[in-house]
Every structure is written in structure tokens, then in C-alpha cells.
Amino acid sequence: METKKETITTIPEKQETAIVIEHLYKQFGTNKVLDDFNLTVYKEENVVVLGKSGSGKSVLIKCIIGLLQPDKGNIIISGKSINGLSHNELDKMRSKIGFLFQGNAIYDSMTVRENLEFPLRRRWIKMSQEQINAMVIEALENVNLAHTVDMMPAELSGGMLKRIALARTMILKPDIILYDEPTSGLDPVTAREIDKLILDLQKKYHTTSIIISHDMNCVKKTADRVVLLLDGKCYAQGTYNEFEIADDPNIKQFFE
Amino acid sequence: MDLPRSIRFFLEDTGDLARFTGHYFGLGFSRPFETGELLKQCYNIGYKSFGLVALTSFIIGLVLTMQLHPTLVEYGVASQLPVMVGLAIIREIGPVIAALIFAGKIASSIGAELGSMKVTEQIDAMEVSGTNPFKYLVATRVLAATLMLPILIVMADAIALLGAYIGVNIQGTTSLTLFFSQVFHSLEFSDVVPAFIKTFFFGFAVGIVGSYKGYKAAKGTTGVGNAANSAVVLASVLIFIIDLLAVQITNLLGFN
Ligand SMILES: Nc1ncnc2c1ncn2[C@@H]1O[C@H](COP(=O)(O)OP(=O)(O)OP(=O)(O)O)[C@@H](O)[C@H]1O
Ligand SMILES: [Mg+2]
């Protein structure tokens, strides 16, 4: 298939790179999940990764944050390769990256407030309680959930938990955010609010994002560039509009 | 060489547990210490187990006395009852019963808690939030169990002796002071100290096995259930093995 060459038409002009992924390989047993995957993400760019269920999207972003170790290949974040970083260096790099887990990963033994405070307390030792409170409330207001601050996760609905997880991901205003399905399980109204939040963060804090999504409305609104992950490779990339009119059946099926 | 599946599985599991324990000694005592979480776990693991351990120890003390009394009367040595019961409780029954009850309550709760945190990616979320989950979750729980069980057992022994006193009094009348002076008169250094030292190992076994089973829990609710279940089974068996070794070692050292 030649789609790869046809569709790469508009690589953004911006030169500074945020994330460079080179020849990434990852397999579990005999299951080849990533098979020579390459991708460059530029600063302040929102890249959406499309791909069928089980195609390795979550594995890809877990490799980026170092939760999974790729078998081969290189990942360069803000000019620094994450291969062979010491634990402290990796930790330092991670403090600049936000990660939204597909299953939210809310700490269910802690209140919403403690959930949001967790990354704050762990990263910045020097902060007054007032500052922490203010940041928690601000993050919750961004997702319209300020009233849940003293509730336990078990008292909240699935969509609310997703938004709490988003608030926790964004609370440190990281340079890079990796979103694993930010709008799945949300009603359309809330989903559009989340799209807006992602765009606001991008503008206000110059965030670079990789967004995994099946929600075409979300993709349309947030994507500067769309990437299709197929057979462990970056099969095609382009703008949303280019994808929408593409003839390739592998791309078309996402727009039906 | 082809070993039967169950034996291979057992050997692998033992090896993994040994590696996990090694990891604990390599990492558990390195800075920074998670003091806040340690205190919280001491409360959860120690204080909250007190009621259950106290109740069972009281009943064991009482029942043991009532069961022994007729036999001792038959042999005309009923006056030796406090001495016998005291020795049995302090050296063997008090520590082992309390440790088994503790294993049932704590190994399962640690296994289930860490297991569900594992499968819902909460442990990964800690990892990317600048926290070493092994130190934060495992090291604190293991240390809390190691420190709390000996304290619980000292109290359990006292309560079991109180139960024994009541048992003696159902049959005849002995004053509390006479009963306890008889008990403590017969006790020697070699009765108390080895019995106390082994309780630290019991506590450690419960903490490490619960954490280990939780940490390697498989995805899904059955995974979490299995983690809790196998944690209790393995911890209980280990308590008996440690008890056996403790007797052998004290005998070897000539403390008998
Ligand atoms: N820890 C793991 N151990 C073994 N196999 C794994 C592991 N994590 C993922 N896989 C496998 O890797 C493949 C890709 O999984 P991944 O979670 O990345 O899919 P995905 O693209 O995110 O799918 P979805 O859209 O359903 O979330 C799957 O076949 C999965 O079984
Ligand atoms: Mg996924």
C-alpha cells in the first residue's frame, strides 16, 4: 500500500521537536505489537493516534513514559533520549509529562482531593497548603467538578471519574500530555468541553499532546495531525481533512 | 529436563518471592522514607487487628484451660495448671494463633488491595507521579506488619492468660495475683525471648507474602480474588514453617 507517501502532505512548519520516536519495536511473547514505529511530534502540536482496538496505542504511550520498556528503538523527549536514563533522571523527565490512563487509575482509597494532591505533593515539596488547595480547586473547576472535592471515588460515576483523572493529569501543567481516550464514556456535551479544555491547555501553557481517540468529533476538534497505527507501524499521517477524504479502506473505516 | 507443571510453577513462584524479598531489602530502607504512609499502615494493620486477635486469644486461653483441667485432676496435678497453660500460651499457642488470625486478616487485605491497585493501573499511576510504588506501598506495609504483629502478640498472650485465669476460676478459686505469680515463676528467659523473636518473622512473612501476591495479581476480579486467597494460604503455611525452624534453632542454640 502506498498510502504512507500519499498522505504525508502537511508536516507542520514548526521545527522544534517535542517527541521523536525512532524504529520502535515491542512484542509480548510472539505478539508483535509495535514493529518499526516512527513518529515525530513537534512542540505545541496535538497529534491524534487512531487505531483499532488492540493495535498497540496504549502500549505506544506507555513506552513513551517509560512504563513499558521497548525491545528496540529510541524515544527522544525534548532532545533527550530516555534510553538508559537513571531512575532519578527518568523521574525528572516524567514530571514534565502528564499521563491520562485509559482506565483512569484513580486511587480508590483516597478522596478526590487527595487524588489531585498526590502528584503535587510528590513533585513540589515547597508549596503552602493554600497554594495546593487553590491548584486543586482550579483543576476541578476546569472539569466542572469542584463540588466533588471531598468525595470518595466510589461515590462518583464513570464519566465523573474520567474528568477527575483529566484534572489530575493536568494539575501540574505539564509540557507534554499523553491522553489515552480522554472522551470515551462521556456524554457529547461533556466530551466537547473536554476537547475545549485540551485546546485551552495547548494555547495557554503551550502543551504538546498525543491523544488516543476513537471519538471522531474529538479528533476533528483537537487534532493538528492524525496518525494511523496499523500493524505496529505508522501507516499514514495527515490532517483530519486529508484523512476524511482519503480513499484507503484502512483509513475510511474510521469515518463510517 | 521436564518437570511436572505444578512443581515448575512452585519453584518459579518461590524464586519470584525470593527476588521480591531481595528487592525489599535493597530498596525498603533507602531514603526518602515514607513515614506518613508507614504510620497510616501501622494504624490499619496493627490497631485494627487488635479486636479480632484479642477475642480469639481470650477464647483459646479459656478453652485450653477448661480442656486440660479434667486430665490434670485425674493425674492429681491440678495445681500445675497455671504453669502448664502459661508455658503453652507463651511459647507456642499465643504467638501461632495470633499470627494465623493476623495472616487471615492482613495478608488477604494487603493482597486484595495491592492486587486491585495493580489491575486498575493505580500502581503505574504512582510510578509516573514521582513515587516509587514499591517503597510507598510494599515497604511500608511489610515494615508495619513486622513491627505490629509482635506488639499484638504480647497483648494477645496477656489476654490469653486472662482467659486461662477465668478458666481456672470456673473450676475452683485462685486469686489473680496467685495465678500470675505461678505462671511467671515458671517462665524462663529461654521461654520468652525465642518466642518473641519469632513473631517478627511471622509479621514479616505476612507482609511480604500479601504484597508479593498482590503485586503479581492477574487482570480481572478473579485475579484479585486469587491474590488475596493465595496470600492467606502461603502466609499461614510460612508461619508454621517459621515456627518449626524457630524451635529447631532454639534447640540447637541450647535454649531448652
Ligand atoms: N502487559 C502486557 N502483556 C502482554 N500483552 C500485552 C500487554 N499490554 C498489552 N498487551 C497486548 O498488546 C496489544 C496492544 O494492546 P494495547 O493496550 O496497546 O491496545 P490498544 O490499541 O490500546 O487497544 P484499545 O483501543 O482497546 O485500548 C494487545 O494485543 C494486548 O494483548
Ligand atoms: Mg488502549
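Relevant structure appears above.
Notes on the structure in this doc start here. (Residues numbered from 1 in each chain as written. Chains lettered and ligands numbered in written order. Predicted model: local features only at pLDDT ≥ 70, side-chain atom pairs only at ≥ 80, totals over all residues. Heavy atoms only, no water.)

### Side note on the overall build of chain B
Regarding its fold elements, chain B presents nine helices and zero strands. A principal-axis box enclosing the C-alpha atoms of chain B has dimensions of 65 × 50 × 35 Å. Across the 256 residues in chain B, those meeting the buried criterion constitute 47%. Taken as a whole, chain B presents about 12,600 Å² of accessible surface, with 70% of it coming from carbon and sulfur. Averaging the positions of the 15 positive and the 16 negative side-chain charges in chain B gives two centres separated by 7 Å. (Helix = DSSP H or I, 4+ residues; strand = E, 2+ residues; numbered from the N terminus. Buried < 20%, exposed > 50% of the residue type's maximum accessible area, 1.4 Å probe, protein only. Areas by Shrake-Rupley, 256 points an atom, 1.4 Å probe, with all protein chains shown as cover. Lys, Arg positive; Asp, Glu negative; His and termini not counted. Charge placed at Lys NZ, Arg CZ, Asp CG, Glu CD.)

### Some words on the coordination of the magnesium ion (ligand 2)
For the magnesium ion (ligand 2), the protein coordination sphere consists of Ser58(A) (OG) and Gln102(A) (OE1), at 1.9 to 2.2 Å. Of the two residues, Ser58(A) sits in helix α2 (residues 57-65) while Gln102(A) sits in the loop between β6 (97-100) and α4 (112-123), which places them 44 residues apart along the sequence. (Donors = N, O, S within 2.8 Å, 3.2 Å for Na, K, Ca; no water.)

### Quick notes on the pattern of salt bridges
Pairing between side chains of opposite charge can happen when the charged atoms of each approach one another. Residue and element names in this part refer to chain A. For the structure shown, the criterion picks out 21 salt bridges over all chains. Two residues, Lys-233 and Asp-35, come together in a salt bridge whose shortest N-O distance is 3.3 Å. With a gap of 198 residues between them, Lys-233 in strand β10 (residues 233-238) and Asp-35 in strand β2 (residues 31-42) connect regions that are remote in the sequence. Assessed through its relative accessible area of 34%, Lys-233 is described here as partly exposed. (Salt bridge = Lys/Arg side-chain N within 4 Å of Asp/Glu carboxyl O.)

### Side note on the packing of aromatic side chains
For the structure shown, the criterion picks out 18 aromatic pairs over all chains. An angle of 55 degrees between the planes, with centres 4.6 Å apart, marks the rings of Phe99(A) and Phe101(A) as tilted. Exposure class is identical for Phe99(A) and Phe101(A). Each is buried. For the ring pair Phe20(B) and Phe134(B), a centre distance of 5.1 Å and an interplane angle of 65 degrees mean the geometry is edge-to-face. Placement of Phe20(B) in helix α1 (residues 5-27) and of Phe134(B) in helix α6 (residues 133-171) is noted, with a sequence separation of 114 residues between them. The pair Phe20(B) / Phe134(B) is uniform in exposure class, with both members buried. One aromatic cluster is present, built from ring pairs that chain together Phe20(B), Phe134(B), Tyr212(B) and Tyr215(B). In this structure, Lys72(A) packs its charged tip against the face of Tyr25(A), placed 4.4 Å from the ring centre. Here the guanidinium or amino end of Arg168(A) rests over the ring plane of Tyr107(A), the centre of that ring lying 4.6 Å away. (Phe/Tyr/Trp six-rings, centres within 6.5 Å; stacked < 30°, edge-to-face > 60°. Lys NZ or Arg CZ within 6 Å of the ring centre and 35° of its normal.)

### A word on unusual backbone geometry
Phi is positive for Glu44(A), close to 65 degrees, though the residue is something other than glycine. Examined against the element boundaries, Glu44(A) turns out to sit in the loop between β2 and β3 (46-50).

### As for the pairing of strand β7 (residues 176-180) of chain A
All names here are of chain A. Judged by how many residues are buried, β7 sits mostly within the fold: five of five residues are covered. Every second residue of β7 is oriented toward a common face, with Ile-176, Leu-178 and Asp-180 on one face and Ile-177 and Tyr-179 on the other, all of them buried. Two elements, β6 and β7, share four bridges in a ladder whose sense is parallel. Paired with Gly-98 across the strands is Ile-177, a residue of β7. For β7 and strand β8 (residues 208-212), the ladder comprises five bridges, and the chain directions are parallel. Its bridge partner being in β8, Ile-176 is matched across the sheet by Thr-208. Note that the unit made of β7, helix α7 (residues 188-205) and β8 has a crossover that is right-handed. (Pairing = 2+ DSSP bridges. Right-handed = clockwise from strand over helix to strand, strands pointing away.)

### With respect to the side chain of Thr111(A)
All names here are of chain A. Relative to the assigned elements, Thr-111 resides in the loop between β6 and α4. Owing to a relative accessible area of 17%, Thr-111 belongs among the buried residues under this scheme. Residues contacting Thr-111, with those up to four places away along its chain left out, are Val-149, Asp-150, Met-151, Met-152 and Pro-153. (Contact = heavy atoms within 4.5 Å.)

### Some points on the sheet that holds β2(A)
All names here are of chain A. What the four strands build is an open sheet, ordered β2-β1-β4-β5; its pairing is antiparallel. This sheet does not close on itself; its edge strands, each paired only once, are β2 and β5 (80-81). Examined bridge by bridge, strand β1 (residues 17-28) and strand β4 (residues 72-77) share five bridges and lie antiparallel to one another. Counterpart to Ile-21 in the pairing with β4 is Ile-75. Here α2 sits on the sheet in contact with β1, β2 and β4, set at roughly 120 degrees to β1. (Axes fitted to C-alpha atoms, helices over the stretch in contact; angles between N-to-C directions.)

### Focus: the interface of chain A and chain B
Between chain A and chain B, the residue contacts involve 19 residues of the former and 13 residues of the latter. For the pair chain A and chain B, the summed buried area comes to about 1,500 Å², and 51% of that belongs to carbon and sulfur atoms. Of all residues in chain A, Phe101(A), Tyr107(A) and Arg122(A) bury the most surface against chain B, accounting for 33% of the area lost on that side. Residues Glu34(B) and Arg122(A) are paired through a salt bridge, measuring 3.0 Å at the closest nitrogen-oxygen approach. Listing elements by their share of the side of chain A that touches chain B, those giving two or more residues are α2, α3 (87-94) and α4 of chain A. (Buried area = accessible area lost by both parts, 1.4 Å probe.)

### Considering the packing of helix α4 (residues 81-119) of chain B against helix α7 (residues 176-186) of chain B
Residues and elements named next belong to chain B. With their axes 8 Å apart at the nearest point, α4 and α7 run at an angle of 60 degrees to one another. Judged by the inter-axis angle, α4 sits oblique to α7. Crossing hand, α4 versus α7: right-handed. Contacts between α4 and α7 involve Pro-82, Val-83 and Gly-86 on the former and, on the latter, Phe-179, Gln-182, Val-183 and Ser-186. (Parallel < 35°, antiparallel > 145°, perpendicular 65-115°, else oblique. Left-handed = near helix turned anticlockwise from the far one by under 90°.)

### A look at the site of ligand 1
Residues and elements named next belong to chain A. As a matter of local geometry, ligand 1 sits amid 14 residues, with Ser-53, Gly-54, Lys-57, Ser-58 and Gln-102 nearest to it. The separation between an oxygen atom of ligand 1 and a polar side-chain atom of Asn-31 is 3.1 Å. In the complex, 61% of the free accessible area of ligand 1, which totals 630 Å², lies under the protein chains. Classifying every residue of the shell around ligand 1 gives three nonpolar, eight polar and three charged. (Near = heavy atom within 4 Å. Polar contact = N/O pair within 3.5 Å; in protein donor to acceptor, adjacent residues only side chain to side chain. Nonpolar A, V, L, I, M, F, W, Y, C, P; charged D, E, K, R; others polar.)

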